[in-house]
Each structure stands twice: as C-alpha cells, then as structure tokens.
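Given next are the chains, with one letter for each unit.
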Amino acid sequence: MSNLLHKLLLLGQAATALFSHWKALTEIQQQNLSSQVAAIDVPTFQLQQECLQNNQKLEKEFFPPQKYAFSGSEEDYKAGIKAIGAGKVACLILAGGQGTRLGWSGPKGTFPISLIKQKSLFQLICEKTKAAGKCVQKDLSLAFMTSPDNHSDTLQFFQDNDFFGLAKEQISFFSQEMLPLLDTQGNLFLEEVDSLAFGPDGNGFALHLLVKTGLLRKWQDQGVEIINVILIDNPLADPFDAELIGFHIRQQVDLTLKSILRIDPHESVGVVVQNDNNLAVVEYSEILLEEREAVLADGSLKYPLANLSLFCINLSKIQSLVHQHPIMPLHRAFKSVKGWNEIEGSEKKMAWKFEKFIFDILPWISKEALLVYPREACFSPLKNSEGAFSSKTVQADLQSLDRQIIRSLTGLEPPNVPFELSQEFYYLTPAIREKWKGRSLPNLGGYIEV
Ligand code: UTP
C-alpha cells in the first residue's frame, strides 16, 4: 500500500476517492487496482493535466496549403502498380477506435456494410488486398492496429472468417495503448469496483507502435519501402492506392497526404493547413469558427482541403520520426463514460478522454506532397448510427461508386436496381477490362463478380 500511496502522491492524486472501499476488496481486486495505478506513466499523466489546462492549439500562424495536385495521372498509376508489384508497399489500418457514435457493440470493422452481401468493413479491406495482389501478382501485407478493448474480438472475427481468403502470414495485428480518463477536477476515477477508467489513447501512436512492435523491421526485411495508412471506418479508402504511390515516388517526398475538397464549412472533417513550410491539420473541433467558415473574394473556402487521415509515408522516415519525436501531443474530448461509486455502483458520468492524432506527425515532416481526389472516389466514413456519415449514406456512396465503375468499364448505363460489385472491380486487370467492354449488367442487380 505504501508504494501505491507514493505513486498517487507523484500523480498529485488524493487516495481517498479511489481507495475508500479498499478494505472491502478481495486480494485479487486489490492487486488489480494497485497494478493499474502502478502502471500509470507519470510524465504522460502530467501531459494530460497540461492538456486540461490548455488544450492543444496550433501556436504558430497557419495558411491555406500552397501547393497541391489533382489525381488522374495514368503515369503515376502505372508507376504505383510497379512498386506494389515489387513488394515495396504495405498497408496499415487504424482500427482501435471505440465507435461510440455508431453504437455498434463489436469492433467497428465487424460492422456489416456492403449493400447486397452485407460484408463487414474488415472483409472489404481484405478482399481489396486480395484483389490488388491478384492485379500485381504478389501477396501483399497489411496490419491492423486494434486497442485493448477490441483486440481479442478482432482476432476472433478474423479467425472465424478464415482471414477472408488472405494467407495468415499476410496479416499482422498489434494493439494500441490506453490512457486514464479524468473527471472534471482532473482526477482519476473508478470504472469498476477494482479498476480505473481508461480509454484508447487515439490513433496517433500507430507509427511509433509499428516500430516498437518490431513490425516495421519485419516489413523492411521483406523489402517494403512505403506504408499506406488508412482508417477502418472509411470503406472507400484504398489499401493499395497505385496512383497515390506512383505520385509519391515521382514527387520524391517522405509523405503524401490524400485529400478532397471541402464542400461544407461545417462538415465534421479536419482542415488541411500549412504551418511555416510544413503541412498540418486542425481538427474540426479545435479550429476557430471564423477560420472554418472563411471564404475568398470569389466565395470559395479559404481553406479548401479536408483531412481524411489517408496518407503514404516512407518506411525510412518513420524510423527517424519516431526516434526524434518519442512523444505526441494530446487532444482532449469531453465524453459520457462509465463510472463507479460506492453508493449506486455503476454510473454514467462526463469525463475527459485524451487522444493522440495521427495527423500530428505532419508538422514534423518537411518533404511532403498533397494529392486531391474526387470525394466520391475515396471518402465515405461510417461514424454515426443515423444522419450524415451513417450506414445509409455509406451504402449510397458505395452504390454510386459501383455504378460509376460499371459505366466507365462497359460504356453503358447500369440498370436502376441495387447491385454490389466484387472488390476485384476496384483493381482492374487488362483481362477484366476486356471482358466487360460493352457488356450490360443483368437487370436484376444483385452481387456481381468479375
Ligand atoms: P474516430 O476518431 O472517428 O473514432 O476514429 P471512433 O472510435 O471510430 O468513433 P467514436 O469517436 O468513438 O464515435 C477515426 C479512426 O481512427 C481509429 C478508428 O478506428 C477509426 O479508424 N482510432 C480512433 C484508433 O485506431 N484508435 C483510437 O483510439 C481512436
């Protein structure tokens, strides 16, 4: 107990609230609680306290990004295919979120989203990887970052589904870390009788963990040079985006950010800015309203680009970046969470959650490029149970992209019935193109394979 009290002292926490019921706990419960307190990292806890006093802000002045290109280069696509086929690209999928707004009980990646077959987000990514591999005749590697909350459920889901047709060796999993939640006074609190309240620490440490877990080294030994990073909740995200990779190589940069034009100033997406010579992102919840809404004389948005947290980065850069910047800034969010008190037992309470954001690496990289895509080709996130960014809007976007693919492949307007394309339509080989030229779709719709 004396070690525990010493640790609490270091954390500046009063023992009374956390340990008033200590004597009523079993020995195992006491061990649980004390090992959690012992594991709290004091410097990180101090950062959390600082963040409560002064939320992360861009201290420097920022401007609209000066230079960006639009997608559509056949040359870049071909160069990307070549690099992917040479085994130089791997994909990292950030899937450690809690999906609170969606209200889905399992990991978000298990959500059934496709229109006809109800394929899950995980399945779509795996099938995309398989199709991209077929296109370049190479088994491609991917890794999922989970969290302690959803790691075992995620693994189970993959095992139950035979890794969705990929070889087990192609897929890696690693778990992110957790941070203590803090109450309105900045104090630790209980979630259960014998455990503190914790939450996943955001997606920002993914590259650090890639190094820490040894996966980066493994991929490097396999000949991987570029990592493509995507989010699990955007089924239009491309795990092996040939054009992005080709563009990235041609630009000779360390990181290329994939972006779209902002259309609605109030949309819940981060804003891409330039800070000195480097890119940065200001999260929608942190940007001043006047900057978010700012327009130029012609009425267009002053900050035209949205952040999708889709990017590719050189593996060699990850190593130096992680070494030079072992700590990432924290952002706070005030959320409704589960708590525990002696009188009522379980309770709902408002508390501070702390997260690192992956886009906070941008200001640390000077050789960066920006490639802007049509929104309908790459952005349809699943965030909410209804309204904007819900399964309804995602399914509509998936359907309209499938229709567009059929239109450009066959040269014909598809029938006005719901249908779903297999993921091979997203990675076209010359043989698929030839087969579908001038060919009409069945009038009944349904699931269409190449
Ligand atoms: P969001 O910030 O939208 O969070 O994640 P979320 O957890 O999916 O949903 P809410 O906010 O609880 O409703 C954006 C992406 O970052 C990943 C998510 O899995 C998603 O792909 N993420 C988020 C992590 O990997 N770890 C985290 O701690 C948070």
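Residues numbered from 1 in each chain as written. Predicted model: local features only at pLDDT ≥ 70, side-chain atom pairs only at ≥ 80, totals over all residues. Heavy atoms only, no water.

Asker: Where do I start with the overall build of the protein chain in this structure?
Answerer: Across its full length, the protein chain carries 15 helices and 18 strands. Here the C-alpha coordinates of the protein chain stretch approximately 75 × 50 × 45 Å along the principal axes. Long-range pairs, those at least 24 residues apart, make up 75% of the contacts in the protein chain with a sequence separation of at least 6. Of the roughly 20800 Å² of accessible surface on the protein chain, a fraction of 51% belongs to carbon and sulfur atoms. (Helix = DSSP H or I, 4+ residues; strand = E, 2+ residues; numbered from the N terminus. Contact = heavy atoms within 4.5 Å. Areas by Shrake-Rupley, 256 points an atom, 1.4 Å probe, with all protein chains shown as cover.)

Asker: What is the right way to look at the packing of aromatic side chains in this model?
Answerer: Aromatic ring pairs are reported here in terms of the distance separating the ring centres and the angle at which the planes meet. Scanning all chains against the criterion turns up 17 aromatic pairs. Considering the side-chain rings of Y68 and F70, the 5.9 Å spacing of their centres and the 70° angle between planes classify their relative orientation as edge-to-face. The interplanar angle of 50° and the centroid separation of 5.7 Å between the aromatic rings of F157 and F164 together place this pair among those described as tilted. On the accessibility criterion, F164 (10% relative accessible area) is buried. Joined through ring pairs, the aromatic side chains of F122, F144, F157, F158, F163, F164 and F173 make up one cluster. (Phe/Tyr/Trp six-rings, centres within 6.5 Å; stacked < 30°, edge-to-face > 60°. Buried < 20%, exposed > 50% of the residue type's maximum accessible area, 1.4 Å probe, protein only.)

Asker: Can you walk me through the pairing of strand β2 (residues 89–94) in this structure?
Answerer: The side chains of a regular strand alternate between both faces of the sheet. Counting buried residues along β2, six of its six residues qualify, which places the element largely inside the surrounding structure. What you see with β2 is no split at all: V89, C91 and I93 on one side and A90, L92 and L94 on the other are buried throughout. In this structure, β2 lies alongside strand β9 (residues 226–231), joined through six bridges in parallel fashion. Directly across from C91, in β9, lies its bridge partner N228. (Pairing = 2+ DSSP bridges.)

Asker: Any chance you could explain the site of the ligand here in plain terms?
Answerer: Around the ligand, a shell composed of 20 residues is seen, among which G96, Q98, T100, Q176 and K383 lie nearest. Within the side chain of N203, one N or O atom sits 3.1 Å away from an oxygen atom of the ligand. Between the ligand and the protein, one listed contact pairs an oxygen atom with a side-chain N or O atom of K383 at 2.6 Å. Burial of the ligand by the protein amounts to 91% of the accessible area it has alone, namely 560 Å². Looking at the shell around the ligand, its residues break down into six nonpolar, eight polar and six charged. (Near = heavy atom within 4 Å. Polar contact = N/O pair within 3.5 Å; in protein donor to acceptor, adjacent residues only side chain to side chain. Nonpolar A, V, L, I, M, F, W, Y, C, P; charged D, E, K, R; others polar.)

Asker: Sorry, what's going on with the environment of W352 here?
Answerer: Mapped onto the elements, W352 comes out in strand β15 (residues 345–355). Taking the C-alpha atoms as reference points, W352 and L52, 300 residues apart in sequence, are found 8.3 Å from one another. Discounting residues that sit within four places of it in the chain, W352 has contacts with L52, L181, L182, D183, T184, R332, A333 and F334.

Asker: Would you take a moment to explain the nonpolar core for this structure?
Answerer: General note: in soluble globular proteins, nonpolar side chains tend to be found buried as a group. F144, F158 and I171 are the most contacted members of the largest nonpolar core, which totals 66 residues. Top contributing element to this core by residue count: helix α6 (residues 121–136), with nine residues. Formed by 39 residues, the second largest nonpolar core is a distinct cluster that contains F205, I313, L315 and I361. (Core = buried A, V, L, I, M, F, W, Y, C linked by side-chain atoms within 4.5 Å.)

Asker: Explanation requested: the pairing of strand β14 (residues 331–341) in the structure shown.
Answerer: Judged from the 11 bridges that link them, β14 and β15 form a sheet pairing that is antiparallel. Within the sheet, the bridge partner assigned to K335 lies in β15 and is A351. In this structure, the hairpin formed by β14 and β15 is closed by a connection of three residues.

Asker: Can you walk me through the packing of helix α5 (residues 74–85) against helix α10 (residues 242–251) in this structure?
Answerer: To describe two helices that pack against each other, one gives the angle between their axes and the distance between the axes. At their nearest, the axes of α5 and α10 sit 6 Å apart, and the two run at 95° to each other. What the angle tells us is that α5 and α10 run roughly perpendicular. Each of D76, Y77, A79, G80, I81, A83 and I84 in α5 lies in contact with α10, whose residues at this interface are A242, E243, I245, G246, F247, I249 and R250. When the residues that make up the contact of α5 with α10 are grouped by side-chain class, the tally is nine nonpolar, two polar and three charged. (Axes fitted to C-alpha atoms, helices over the stretch in contact; angles between N-to-C directions. Parallel < 35°, antiparallel > 145°, perpendicular 65-115°, else oblique.)

Asker: Which parts of the structure should I look at to understand the packing of helix α1 (residues 2–11) against helix α3 (residues 27–39)?
Answerer: The N-to-C vectors of α1 and α3 enclose an angle of 40°; their axes lie 9 Å apart at closest approach. When the axes of α1 and α3 are compared, the pair comes out oblique. As for how α1 packs across α3, the hand of that crossing is left-handed. Facing L4, K7 and L8 of α1, the residues of α3 in contact are S34, V37, A38 and A39. Considering only residue class, the contact of α1 with α3 consists of five nonpolar, one polar and one charged. (Left-handed = near helix turned anticlockwise from the far one by under 90°.)

Just geometry here; none of it tells us what the structure is for.
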